[in-house]
Amino acid sequence: MKLQLLRNATLKLNLGDRTILIDPFFAPKHSRPSIAGSSPNPLVDLPVSIDQALDGVELVIVSHLHSDHFDPLAQSLVPKDMPIVCQPGDDSKIRSFGFEKVTPLHNQLDWRDVKLTRRQGRHGFGLVVEKMGPVMGFSLELEGEPSLYWTGDTVLYPPIEETIRSTDPDIIVIHPSGALWEGESIAMDAEQAATLCKTFPHPIVVATHLEALDHATVTRDQLRQFSLSQGITAERLLIPRDGELLYLDVPAK
């Protein structure tokens, strides 16, 4: 499996000869409004051109419609005949952007022998969850490739742990930015990332959604230092830079 972090939550994933783009966010640096009041967003440019980001892509997965996961520029530049998988309830909105092949992921679906399974997510704790709206994670499985669980924009709460216990994924992608909305936590932070790694010592964990938006409170260096202090090695918790390409295999048990 090849996984390339482009920026924020945007990943380009190669499973065998299949190419999937997750949560395209193409906005140029500082072209979007501030969230926390400290800087326009995103904080950095894409590390590749948009043409390069889209090259070879056969399927787009949109986890939810927050603008840092499917922004207006991506809505205009992703080809309108591109198959898109989304959470139920977002499909009509995505069709209104002109997309012709939109499939809501109610539970499971098969695409070119890749099994996609919808997973629960919770974009915060308490009342902020209603403001954030529904989100989804998903699992991807293809024979001969590592199994992947992409948690999405979620805090660490029991359904995440239950999914990991019941599916035993080889790779877990998390968003431990410590993002805040009106002072409330809406994503995992360094402590929750470390808890996940220590609770489940088998999977390789990949941390993304870092250093791209002004409401994040955890940097890559902070995440690395905290994880090391908890006994989590750099081989267990991967923290790729924007544009970095990871080659992932089934981890040794």
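In this text the structure is predicted, and so the values were computed from the model without any measurement.

Moving on, we come to the sheet that holds strand E2 (residues 10-15). Strand pairing in a sheet takes place through backbone hydrogen bonds and is either antiparallel or parallel in direction. On the basis of which strands lie adjacent, the open sheet formed by seven strands has the order E6-E5-E4-E3-E2-E1-E16 and mixed pairing. In this open sheet, the two edge strands, each paired with only one partner strand, are strand E6 (102-104) and strand E16 (245-247). Adjacent strand axes in the sheet meet at a mean angle of 20°, parallel and antiparallel pairs treated alike. Pairing of strand E3 (residues 18-22) with strand E4 (residues 59-62) involves three bridges; the strand directions are parallel. Note on E4: the bridge partner recorded for Leu21 is Val60.

With that settled, consider the packing of aromatic side chains. As enumerated under the stated definition, the model contains three aromatic pairs in all. Between Phe70 and Phe97, the aromatic rings sit 6.3 Å apart at their centres with planes inclined by 65°, giving edge-to-face as the arrangement. With Phe70 in the loop between E4 and helix H2 (72-77) and Phe97 in the loop between helix H3 (91-96) and E6, this pair connects stretches of sequence that are 27 residues apart. Each ring, one from Phe70 and one from Phe99, has its centre 5.9 Å from the other, and the planes form 45°; the classification is tilted. Of the two residues, Phe70 is situated in the loop between E4 and H2 and Phe99 in the loop between H3 and E6; the sequence distance between them amounts to 29 residues.

Along helix H5 (residues 158-167), the residues that are buried comprise Pro159, Ile160, Glu161, Thr163 and Ile164. Elements in contact with the buried residues of H5: strand E8 (114-120), strand E10 (148-150), strand E11 (171-174) and helix H6 (190-199). Asp168 lies just past H5 and shows a positive phi near 45°.

So, about the pattern of salt bridges. All chains considered together, the criterion is met by eleven salt bridges. Linking Arg95 and Asp91 is a salt bridge whose minimum nitrogen-to-oxygen distance equals 3.2 Å. Of this pair, Arg95 and Asp91 both sit in helix H3, four residues apart, roughly one helical turn. Residue class for Asp91 comes out buried when judged on its relative accessible area of 16%. Several salt bridges share partner residues, and in doing so they unite Asp17, Arg18, Glu58, Arg112 and Asp113 into one network.

In this section: the layout of surface pockets. Each pocket or cavity is described by its volume, and for the largest pocket that value is around 330 Å³. Lining of the largest pocket is provided by 21 residues; of these, Ile35, Ser67, Asp68, Trp181 and His215 occupy positions nearest its centre. When its residues are assigned to classes, the lining of the largest pocket shows nine nonpolar, nine polar and three charged.

The subject of this paragraph is the sheet that holds strand E9 (residues 136-141). Overall, mixed pairing links the seven strands, which are arranged E7-E8-E9-E10-E11-E14-E15 in an open sheet. Each edge of the sheet is formed by a strand with only one pairing partner; in this case those strands are strand E7 (108-111) and strand E15 (237-238). The sheet contact formed by E9 and E10 spans three bridges and is antiparallel. Paired with Ser139 across the two strands is Tyr149, which belongs to E10. Along the sheet, H5 contacts E8, E10 and E11; its crossing angle with E8, the most-contacted strand, is approximately 150°. Against the sheet, H6 touches E11, strand E14 (204-207) and E15, its axis set at about 170° to E11.

On to helix H7 (residues 220-229), then. For H7, the set of buried residues is Arg220, Leu223, Arg224 and Ser227. Angular distribution of buried residues about the axis of H7 spans 100°; they occupy a single face of the element. Pointing more than 90 degrees away from the buried face of H7 are the exposed residues Asp221, Gln225 and Ser229. In this structure, the buried side of H7 is in contact with strand E1 (2-7), H6, E14 and E15. Note on H7: the residue one or two positions beyond its end, Gly231, has a positive phi of about 80°.

Here Trp181 is to be found in strand E12 (residues 180-181). In this structure Trp181 comes out as partly exposed when scored by relative accessible area, which is 31%. Expressed as a C-alpha distance, the spacing of Trp181 and Arg7, which sit 174 residues apart in the sequence, is 20 Å. Look past the residues within four positions of Trp181 in its chain and what remains in contact with it is Ile35, Val128, Lys131, Met132 and Ile186.

Let us look at the nonpolar core. One finds Ile20, Ile61, Leu116, Leu140 and Leu148 to be the most contacted residues of the largest nonpolar core, which totals 30 residues. Ignoring sequence-local partners within four residues, the contact set of Leu148 consists of Met1, Leu3, Leu13, Phe138, Ser139, Leu140, Ile171 and Val173.

Rules of the game
- Residues numbered from 1 in each chain as written.
- Predicted model: local features only at pLDDT ≥ 70, side-chain atom pairs only at ≥ 80, totals over all residues.
- Heavy atoms only, no water.
- Pairing = 2+ DSSP bridges.
- Helix = DSSP H or I, 4+ residues; strand = E, 2+ residues; numbered from the N terminus.
- Axes fitted to C-alpha atoms, helices over the stretch in contact; angles between N-to-C directions.
- Phe/Tyr/Trp six-rings, centres within 6.5 Å; stacked < 30°, edge-to-face > 60°.
- Buried < 20%, exposed > 50% of the residue type's maximum accessible area, 1.4 Å probe, protein only.
- Contact = heavy atoms within 4.5 Å.
- Salt bridge = Lys/Arg side-chain N within 4 Å of Asp/Glu carboxyl O.
- 1 Å grid on protein atoms, 1.4 Å probe; cavity = no way out; pocket = protein on both sides within 12 Å on 5 of 7 lines; lining within 4 Å.
- Points joined across faces, edges and corners; volume = space filled by probe spheres on them.
- Nonpolar A, V, L, I, M, F, W, Y, C, P; charged D, E, K, R; others polar.
- Arc of directions from axis to C-beta.
- Core = buried A, V, L, I, M, F, W, Y, C linked by side-chain atoms within 4.5 Å.

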